[in-house]
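Structural characterization, general
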Amino acid sequence: MHEKIIILDFGSQTTQLIARRLRELNVYCEIVPYNKFPASDSTVKGVILSGSPFSVNDADAFKPDLSSIRNKYPILGICYGAQYLAWSSGGVVEKGDSREYGRTMLTPVDKTDPLLMNAKPASQVWMSHGDTITKVPANFQPVAITADVPLAAYKISGEPTWGVQFHPEVFHTDEGMLFLENFVHICGLKKDWTPASFIEVAVNTLKEQLGNDKVILALSGGVDSSVTAVLLNKAIGKNLTCIFVDHGLLRKNEFENVLHDYEHLGLNVIGVKTSERFYKQLAGVTEPEQKRKIIGKGFIDVFEEEASKLDNIRWLGQGTIYPDIIESLSITGTTIKSHHNVGGLPDKMNMKLVEPLRLLFKDEVRRVGRELGMMPHLINRHPFPGPGLGIRVLGEITPEKVRILQDADDIYIRMLREWDWYDKVWQAGAILLPVRSVGVMGDERTYESTVALRAVTSTDAMTADWAHLPYDFLANVSNEIIRKVRGVNRVVYDISSKPPATIEWE
């Protein structure tokens, strides 16, 4: 097992960025809720306290007892984490005269401090807080200041604990990676978290976990499930059976194309065509969350039926990754959206889950796939939602609507490849809107559907910006779709970022 840093999550939107930055340093880390520290885990070598949407003075703020980890592990408190360490030690945290948000300059006052080792005399950092520490015990020593914050970074004398009121994890903090790397050094961690080391540990863990048990894996054709399949195949070989379901909500010709792609991987794949079943279950359903749950349950039902045809299947494999879990299970109790890979299995299903990628971000999954020798076009494929086009046909799903969307989406993706844009964006797809509008084709008036095009840039799907595709490309795609897809007379382009929008529309 890898030695690790535990990140206690107090609900900050940048908690996942802390994990990503540490892993970019080839250091393994895990995010756990603020009150779920794994006390019995001997591989933990350091702790980071994240930021939070709360003030420490709020009645609903998360306020765990940290006495069991103080002095036992090196600790780095970030923003709320730093303020909570001060507040819980008898200090005072108050509203600042003005909310400090954005770039400011950091000046070290103790250049020998291990957290600031090799830092520049002044560097830009990113602040995002309304409160500030106004009074602390005498053993809280400032190690860096800004023009407005005299305790921008501090060290607690007599214990390996630091706090910073800026965000080292964000891109706008110039030396953020240096500060995090210095903390890694303080923790005494080796930087040995690599794709090769992950594969070695994952395969050994799977062998131990599964033994001679048989597994069926839900294949989608995407990166996550494909890498999961290769890992499981490497661990248990012939005991793995892959199930690829055509629920009628795949992209155009995807069922045949995906089955062909898997031939080079040597996987045992069963293809199941069952679109009529899903269309029947989804008839009349318009609410997005209900559609997701129906499709997710439909998948499980199909897997269960296929498993019953096989002997002694004990496990269901899934390509769940970290963002799936993070978005589905919030410590604040707010679910952004449910994911069909998250939340367990029905009681009646006599199988257990195996999810070897559940702690990886998407870009890490791609690196693991490359290390496994998988074909580039499989590894570089855009993410595609488990519910498929079911959440890209807004409103009720019908075979005709899916046909329209498949045709439009096929043109869009093909042209992204032709114009050399496919590998420059993180994810792209077409959405069929529940909107009809007036148009003119030839001398005839039309009243047909609207297609929205979506393309975003990202590294991990936690945040995303809309892709600035060239106008001439968009014009050509629009013309091609309207000219060739029967039932569409209007094309629009989505220029919303995440947050506040999500990548998918439903």
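The structure reproduced in this document is the subject of the present report. (Residues numbered from 1 in each chain as written. Predicted model: local features only at pLDDT ≥ 70, side-chain atom pairs only at ≥ 80, totals over all residues. Heavy atoms only, no water.)

A few words on the pattern of salt bridges. Enumeration over the complete set of coordinates arrives at 30 salt bridges. Note that Glu30 is salt-bridged to Lys4, the shortest N-O span being 3.4 Å. Placement of Glu30 in strand 2 (residues 29-33) and of Lys4 in strand 1 (residues 4-9) is noted, with a sequence separation of 26 residues between them. Note on Glu30: relative accessible area 18%, which makes it buried. With relative accessibility at 3%, the residue Lys4 sits in the buried group. We note a salt bridge from Glu506 to Lys291, for which the minimum N-O separation is 2.8 Å. Here Glu506, found in the segment after strand 18 (488-493), pairs with Lys291, found in helix 8 (residues 288-308); they are 215 residues apart in sequence, far enough to count as distant. Residue classification places Glu506 among the buried residues on the basis of a relative accessible area of 13%. (Salt bridge = Lys/Arg side-chain N within 4 Å of Asp/Glu carboxyl O. Helix = DSSP H or I, 4+ residues; strand = E, 2+ residues; numbered from the N terminus. Buried < 20%, exposed > 50% of the residue type's maximum accessible area, 1.4 Å probe, protein only.)

A word on the side chain of Asn489. Locating Asn489 in the fold gives a position in strand 18. We classify Asn489 as buried; its relative accessible area is 11%. There is a polar contact of 2.9 Å between the side chain of Asn489 and the backbone oxygen of Ser437. In this structure the side chain of Asn489 is engaged in a polar contact, spanning 3.0 Å, whose partner is the side chain of Thr446. (Polar contact = N/O pair within 3.5 Å; in protein donor to acceptor, adjacent residues only side chain to side chain.)

Looking at where Ser478 falls in the secondary structure, it is placed in helix 13 (residues 471-484). Classification of Ser478 as buried rests on a relative accessible area of 16%. Each C-alpha atom, one on Ser478 and one on Val451, is 9.2 Å from the other, the two residues being 27 residues apart in sequence.

Further remarks concern the packing of helix 7 (residues 275-282) against helix 8. If you want to describe how two helices pack, look at the angle between their axes and the distance between the axes. Across the interface, helix 7 lies against helix 8 with an axial gap of 10 Å and an inter-helix angle of 145 degrees. With respect to the hand of their crossing, helix 7 and helix 8 are arranged in right-handed fashion. Between helix 7 and helix 8, the residues in contact are Arg277, Phe278, Gln281 and Leu282 and Lys291, Ile294, Ile295, Gly298, Phe299, Asp301, Val302 and Glu305, respectively. Of the residues in the contact of helix 7 with helix 8, the class split is six nonpolar, two polar and four charged. (Axes fitted to C-alpha atoms, helices over the stretch in contact; angles between N-to-C directions. Left-handed = near helix turned anticlockwise from the far one by under 90°. Contact = heavy atoms within 4.5 Å. Nonpolar A, V, L, I, M, F, W, Y, C, P; charged D, E, K, R; others polar.)

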